[in-house]
Each structure stands twice: as structure tokens, then as C-alpha cells.
Amino acid sequence: MNLSGEIRPSLIELKSLRSLDLSGNSFDHIPIPKFFGSLKKLQYLNLSYCGFKGAIPPTLGNLSNLQFLDLSSNESQLFVKDLEWMTNLVSLRHLKLNYVNLSMVGSHWMEVINKLSFLTELHLEDCGLSGSISSLNSINFTSLSVISISGNSFWSKFPIWLLNLSSLVYIDVSSNQLYGQISPGLGELPNLQHLDLSWNENLTGSCSQLLSGSWKKIEILDLAGNKFLGTIPTSIGNFCNLKHLDLGSNTLTGSFPEFLKEIKNCSSEGPLPELRYLDLFGNQLVGKLPERLSQLEKLTHLVLSDNKLQGPIPASFGTFKNLNVMWLGFNELNGSLPVSFGQLSELVVLAVDYSRLTGILSEEHFSKLSKLKMLWIGENSGLVWNVSSTWVPSFQITDLSMGSCNLGPSFPTWLRSQKELSFLDLSNASISGSIPKWFWNISLNLQYLILGDNQLQGTIPTSIGNFCNLEYLDLGSNTLTGILSEEHFSKLSKLKTLRMDRNSGLVLNVSSTWVPPFQITKLRMASCNLGPSFPTWLRSQKEVSQLDLSNASISGSIPKWFWNISFNLQYLSLSDNQITGTIPNSIGHITSLRVVDFSRNNLTGSIPSTINNCFRLIVLDLGNNNLSGKIPKSLGQLQWLESLHLNHNKLSRELPSSFQNLSRLELLDLSYNQLSGKVPSWIGTAFINLVILNLRSNVFFGRLPSQLSNLSSLHVLDLAQNNLMGEIPATLVKLKAMVPESNKNIYPLYDNVINSGYEERLVVIMKGQSLEYTRTLSLVVGIDLSDNNLSGEFPQEITKLFGLVALNLSGNHITGQIPESISMLHQLLSLDLSSNKLSDSIPSSMVSLTFLSYLNLSNNNFSGKIPFIGQMTTFSESAFVGNPNLCGAPLVTKCQDEDLDKKYSVIEDKNDGGYIDQWFYLSVGLGFAMGILVPYFVLATRKSWCEAYFDFVDKIVKWLLRGRATYAKGHLRR
């Protein structure tokens, strides 16, 4: 009725009043009148959502006949300090206090409720209750059918006493902090129709046991957002009345879906005949999508995303008649999108993103999708969009995500018809050319525009300001050119994220007094032209959390005001500019910083000791500047630091012992400085997570500490160009991360600074040249101890580091020989042992190093013949020069034994030839003699054989003579 104003006490004159319903009115924050407690015959009182404010009067406890009480409130405007007055409501059956502030009632509120013996429904949603739920020794409200206490902050086990209430029809304890094991006995409540345990996050139990209970009436089952384990049992198909099933965000396993096997306990054919909502998101289900899932004819919501499902999407999925939502993304599905999807006339949301789909998407795929509003097919690089330039879709889309699909080369013209777009992602979609003019008037509702990582050209018009609701703009990594002026941003007051980076032809040209209409949170304009002076308009931006102005042609010093720009700044990159001056102490004011990258500038002075105030720092990159002085001890207080680059500066003195506190450090690059002292032994004990250690080109001296072998995660060890001495420790064989022959291309830092734009990099000396590694850095496994004063024999133990990709021990005084076991380094790409004192022969086993592409054994004392076969034939003379006693190809020097071998070979040939001639003639003579004498002796000793033999010879001779005479007569006639 929208009533308001005063409620007058004259209302109590209605002595026989039994029902009072004022819900949904607007009483403008007045308190609930105390005189309501005088309406003694009231059985029904509903004051919900009508604007009352303040304390609920205890006088309501006088209503002993009250059976229904609803005081639900808007925004917790009502509160209660004590519930004792409720114990007088002896007739109460229905109690609803949703959104009433009960945070002050103490921990015994359940004992008070338990005294209401006739209570059948209890609703205490979002009431600010906390602590544990009391364990009731005896239950008085034995007729309780509904309990809804969701949205509170209970830190408690699931109330086990609920299992004793066979009358329960409805249980909702969702969105609390309940924990512990759920008893399978919950599945034995015979009348339960609604069970919601969702989003407690720490409830656990066996899904197969719980869902194998005797529920016959269950309609709503929501276990999402917990830690339920096991498989989905086949018996769930017996839940003939089930309409809503949500098991998302658990750790369920097994093939999918076992519960769709043929079960005929329901009156209709097939399992789950009433199911409308199925959500199995975020589990670990495997296997293929079953064809018979399409038999769930009443299904409206199908959510199977973020599992490990494989195989093609069945064509039968295009036969759902009532389906509104289909989420299949974040799986390992392959094959093409079925053309039958074009028949899903009720579909509103279709998401198949982040899969492995391939094939062509045509107009037929969308022929009847007139109700489609959200289409997410991004991150399927094998999908090709192929529609005519005149196609006008039947739908009006609001959310379109097609990133990393093939939409190009031209800009999709069909978008011209879409006037309701609010989210558009066409990033990395192989689109080239300029953005058409009509696009800038496409939709006034556009909030997210992502066109980055394409080959877009041309300028950005000022009409981009038409997108006045734009919050997220990404045009980065294209080839856009032209000037960005104040007019481009004049209407973008809601803009929060702006990415224009890697468009080297873009120039930002605004006045020094410009104050943008927006408050940006993420700004990435790397490799644009913002200079030469520092952008003064940033002074007005107080909400920045990510700022990347690297390689932006900025010169001069950083202004003082910048260090108070934002107390939310987490990512700051000013690298690859021409910034001069010092890093001020005021950097310590920005305590929220997690990534600082000032590398490749012209900064001077010392590292400020106040940087320890930035205690959240994960990455600190000050490399390639002109910083000098000692490394401040305060750096050792950055206990979250994982990556530290101070390379290519002029830093001196010893490493501070406070570095021992940097236990999370994964990358330490101090190369090309003037640091001195011994390599600290505590590096091997303090940096247990270290992946890369680079102390190259400093003035470290002394022996290599054996404790370095404790660095079990180390991939790269570079101590080259120092003054180290002594033997190479045999304990290096304990560098466990260098033992596996394969390494995953995953670098831990990316998890911590994800989406920030920071890219880890390291220059590695390999194959005789400087190579810079970024995203493939974790694939590099190498040891470089070159250009020191190391001595002793070649460490045979190093050949047990089977994952080595690069090994450089050149420029030392190492003796002994290369062990045959070096052939075990199957991954080796680069081997440099030059300028040492190695001797003996080059092991023939090296020919099996099939990956080896760089070899330098020059300037040693190797002797003998080079094993110039197999992989060794790929190396030139320069790899072996400077070894006077080495011979054979590819060297010009021939081995002496090669001429002797030839001489001996000729002599042997001659001798062998004489023996052959003598035996040949002897055997021929013997054969001829035997051929004559053997028949003679046989015929002489056997008279019958002799007569038969000569008779046979006579016949042959006569036959030959007869034939000759016949031939002669014929010849004479002719």
C-alpha cells in the first residue's frame, strides 16, 4: 500500500485483531511501536521490509498467541540485543528475522529457539550470527520442517542434531564457514525436499555415500563450493523429483556422468525426468560427454565447465528444447561445434571457451538462436569464423568473447547490427586493417572493449568518446598510429583500465594542465610515445594499481609528486626510458608495491634504504642503470621478494648478511657490478627456492662454497668472470633441479604477478654469444664458471646432471681428462672447456651428443685423433685449435699413424695378392687333373659302365652327324 508516516496507538483498540500485515510499506525509519505487544490475540504479525529501524521491542514477547512472526529487514536496519523475550512466544510456529542484526545476541541463541516447541519454520538469513552452532542435548522443536540460516559467519561443524529431525523438509545453511565431515545419515531424512550446503568451502564427505541415501522427495540439492570427494553415484538417477542439482566447485572425480545409466525406478522413461538445472562446474570429471545427456528434456541450465572432459561435443546437444544456458568451457573438448546448435531456439548463454575446438563456424550454427545474449567461444585457436559480409544475425548479443579465434583478416561487418553490446573481446583474432568508422557508434552500452593483439592499423578517432560507459579499453599490441588528444578521453569518465601498449606509432599529446575525467586503476602504455617529459596528468590519478610506462620515450627525472600518486599502486614499470636522477627515499611511501621495474635507464646514486617499507615487494628490477655504493642492508627485510635484479650497475662491497632473510628468493641477478668478498656460504642454506643465481663479472674471490649444492631448485648457476679459486666441488651433483632431462616451461613468478605485464628476463652466455631469455627461461639449465682461477681435475660428478643445456668451464686451470660419461648429458647444447689444461684424448662417446650445437675445446693439451664422426662432424677447426698434439679432421694436421696405416695396407695387399695367385693356379691344376683321372679310373674298373658310356657317346655322335647332313642338303637346294 506504500503507507508511511505515524502508526497511532489507537490501533490497540482493535481488541479482537488476530492478523496484522504491514509488510512492504515505507515507514521512514521509525521504530516498531511498543504497543504492538498489547495486541494479545494476534496470531499473525508481518512487519517485513517496511522501513522500520532500531531495536525490536521486547514487548512483542507478550504475544503468547502469536503463531507467525516476520520482522525481516532491509539492510539490517533492525537489531536485537537479547532474544530471551521470545521464550514467551509459546505458540510460535513460523519465525522469520532475515537481515535483522543479531550479532549481539551471544552464542546461546539456539538454546532460546529450542524452547519454541511448536516451531516449524526458522528463517535467520544474513543476520550477522557467528561462532559455533550449539549442540542440543535434547530437541524440543520436534516438528521443525524448515531451517534457513544462510549467509552468516558460523565457524562451526555441521549441526549433527539436524539428523534427528525426520520432519525436516528444507535445510539451507549455505554461505557460512561450516567445516568438517558430513555424515551419510543426512541422506536418510525421508521428507527432505531442499538441501543447500553450498559455499561453506570446508565441508567435506563422500559424495557417493551421501547421494546413495533414501531421499525420495528431494527437489533441490546444492553442495557447491565445498570439498566433497569421490564419484557421482548411479543411484542419483533414482531422484525422480530432482529439479536442481549443483555439485560445482568440489573435487569430484570419475568419468562423466555415471548417473545417466538407464534406471527405471521413475514412472517416466530415463533417469532424472524433472531435472531443470545441472551444474558440475569446477571438478575433476573426465571422459566424454554422453549422447544421452540430451534425454533430460526439461533441462534449462547445463554447466559442465572447468573439468577435464575430452572428446567432441555430441550433435545431440543441439536437440535440447528448453535449454537457456550451456557452459562447456575450460575443458579439453575437441572437434567442431555441431551445426545442430543452430536449432537451440531457447538458448540465451553459450560458452565453449578455453577448449580445443576446431573447424568452421558458419551462419547455420546460429540460424535459430534469436534469444542469444552471451556467446563465449574464445581461446579456441582452431575455430575459424566464416560468414558472409552481408550476414545479419537474428540475435542481439550483449556479451561476445571471441579472443584467439580466427575472425580475420577483415573486421567482422556483422557486428554493425549489434546495438546492445556491453562486452566485446576480439583480441588475438587475426584481424588486420583499420577499424571501420561505423564501429565507433556500435553501442552506447559498451563497457568492455578488447581488440588487443591483432594487426589493426590506422588512427583512433575522437569518436571513441561515444562509448561513454566504457570501463575497460584494450587496443594494445597492434600497429595503430596517430595522436591521442584530450578530446579522445573527454567523455570516458567511467574508464578504469586503459591498455594502449606496443603501438609504437601512438603519440599522447595533451597539455601539462590536463585533468582527465576518469580515475584510472590500470594503465599500460608501454612502447607508446609519451615523452619527452614525465606525464603530469598522472598527478590527478589517485586510484592507480598498475602503471606501465616502459619504453615510452620519457626522459628527465621523476617528479617529486609522483611518489604520492596512489597508495594502491602495486605494479610500477618505468623501464627502457632515459630517466635520470636518483631514486628518492620517498619510494618507501608506496607500501602497496609488489613489482618495481626501473631497469634500463640512467638512474644514479645509491639504492634508498627506505625501500624496505615496500614490504610486499615480489619483484625489484633496478638492472642496467648507473647505481653505485653498497647494497643496503634493509633490502634483506623484503621477505616476500622472489626476484631481485641489480645487474649492470656499479654496486660495490660485500653482499649484506641480511640477505639470509630472503627465503622466498627465486632469482638473484647481481652480475656486472663491482661486488667483492667471498661467495657467502649461507646462499646455499638461505635461498632454498633459488632457481637462478647470477654473480657474473664481479670481484668475488676464494673457493666455491660446497653449500651451493643445497640449492635443490637451481637451474642456472653463473659465477663467471670473478677471481674464484680452488677445485670445483664434487657436491654440485646434488643440484637436483639439473638432473631431470626435461623441464616444464613454467616460471613461478608469473603466478604472483599475473596480468601485470612484467616479464622475467635473463641474459645467458651460451654458444659463445649473449642470449636473452624471457618466457622460456625455465627451460635453461646451465653452469658457467668460466674466466676464474679454478683448478683441479675435471669434475666427473658434473656429468650426472643430465638436464644440463649449457656448460662453460673455460678460462680456468682445470686438468685431467674429459670423462667418457660426458655422453650422458643428452640435453647439452653448448659446451665450452677452452683455455684450460685438459689432456689426453677427446672421448669418442661425445659423438652421441646429438643436441650439441656449440663446442669449444681450444687451447688445452688434448692429444690423439679427433673422433670426427656423428655430431662431431658439425664443428669447425676453431673448436679444436691450440692443442698441439691433436690431429685429424677438421684440423689440417694429419695423424702420423694415418700414413703408417696406408703403408701397411699396401704391403698387406701385395702379400695377400701373391698368396692368392699361387693358390689359385694350384687349385685349377688339381681340379683339371681330378676331372680327367676320376672318370678314367671309374670306367677302367667297371666294364659294364664303360660299355654303356661309349654306347651313349656313339649315339650322340651319330645324331649330330645326321643333323649336319640334313642341314647341308637343304642349304644346297636353296
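Everything discussed here concerns the structure shown above.
Residues numbered from 1 in each chain as written. Predicted model: local features only at pLDDT ≥ 70, side-chain atom pairs only at ≥ 80, totals over all residues. Heavy atoms only, no water.

### Here we look at the overall build of the chain
Looking only at helices and strands, one finds six helices and 63 strands in the chain. By sequence separation, contacts in the chain at least 24 residues apart represent 59% of the contacts at least 6 residues apart. Carbon together with sulfur atoms contributes 51% to the accessible area of the chain, which is approximately 43900 Å² in total. (Helix = DSSP H or I, 4+ residues; strand = E, 2+ residues; numbered from the N terminus. Contact = heavy atoms within 4.5 Å. Areas by Shrake-Rupley, 256 points an atom, 1.4 Å probe, with all protein chains shown as cover.)

### Concerning the pairing of strand β26 (residues 356–361)
The two faces of a sheet get side chains in turn, since along a regular strand they alternate between them. Pairing geometry for strand β24 (residues 332–335) and β26, over two bridges, is parallel. Directly across from Gly-335, in β26, lies its bridge partner Leu-357. Looking at chain direction, β26 and strand β28 (residues 382–385) are connected through four bridges and run parallel. In the strand pairing of β28, Ile-360 is matched with Val-384. (Pairing = 2+ DSSP bridges.)

### Topic: the environment of Trp-161
Take Trp-161: it is sitting in the loop between β10 (153–154) and β11 (170–172). Each C-alpha atom of the pair Trp-161 and Asn-137 lies 8.4 Å from the other, and the pair is 24 residues apart in sequence. Leave out the neighbours within four places in its chain, and Trp-161 touches Met-110, Ile-133, Ser-134, Ser-135, Leu-136, Ile-139, Phe-141 and Ile-147.

### Quick word on the pairing of β24
As paired strands, strand β22 (residues 308–311) and β24 are joined by two bridges and run parallel to one another. If you follow Gly-311 over to β24, its bridge partner there is Leu-333.

### What to know about the side chain of Arg-499
Inspection of the secondary structure puts Arg-499 in strand β36 (residues 497–499). Relative accessible area serves as the criterion here: at 11%, Arg-499 is assigned to the buried category. Filtering out sequence-adjacent residues up to four positions away, Arg-499 remains in contact with Gly-452, Asp-453, Leu-473, Asp-474, Leu-475, Gly-476, Ser-477 and Arg-524. (Buried < 20%, exposed > 50% of the residue type's maximum accessible area, 1.4 Å probe, protein only.)

### Things to note about the sheet that holds strand β49 (residues 674–678)
Taken together, six strands build an open sheet; the order of strands is β45-β47-β49-β51-β53-β57 and the sheet is parallel. What marks the edges here is a single partner per strand, and that holds for β45 (628–630) and β57 (789–791). Going across the sheet, the axis of each strand differs from the next one's by a mean of 15°, ignoring polarity. Relative to strand β53 (residues 723–727), strand β51 (residues 699–703) runs parallel, the two being bridged by three bridges. Its bridge partner lying in β53, Phe-701 is registered against Asn-723. (Axes fitted to C-alpha atoms, helices over the stretch in contact; angles between N-to-C directions.)

### What about the sheet that holds strand β12 (residues 179–181)?
Taken together, four strands build an open sheet; the order of strands is β12-β14-β16-β18 and the sheet is parallel. Pairing within the sheet leaves two strands with one partner each, and these edge strands are β12 and β18 (251–252). Alignment of strand β16 (residues 227–230) against β18, held across two bridges, turns out to be parallel. Bridge pairing links Gly-230 to Leu-252 in β18.

### Quick notes on the pattern of salt bridges
Following the criterion strictly, the structure yields 14 salt bridges and no others. Residue Asp-576 is joined to Arg-600 by a salt bridge in which the shortest nitrogen-to-oxygen separation is 2.9 Å. A residue pair is termed long-range when its members are at least 10 positions apart, and Asp-576 in the loop between β41 (571–573) and β42 (578–579) and Arg-600 in the loop between β43 (595–597) and β44 (619–621) qualify at 24 residues. Judged by its relative accessible area of 27%, Asp-576 falls in the partly exposed class. Using a relative accessible area of 21% as the deciding quantity, one classes Arg-600 as partly exposed. Arg-696 is the partner of Asp-784 in a salt bridge, and the nearest nitrogen-oxygen pair spans 2.8 Å. One end of the pair, Asp-784, is in strand β56 (residues 782–784); the other, Arg-696, is in the loop between β50 (692–694) and β51, and 88 residues separate them in sequence. Asp-784 sits in the buried class, given a relative accessible area of 5%. Counted as one network, the salt bridges with shared partners bring together Asp-453, Asp-474, Arg-499, Asp-501, Arg-502 and Arg-524. (Salt bridge = Lys/Arg side-chain N within 4 Å of Asp/Glu carboxyl O.)

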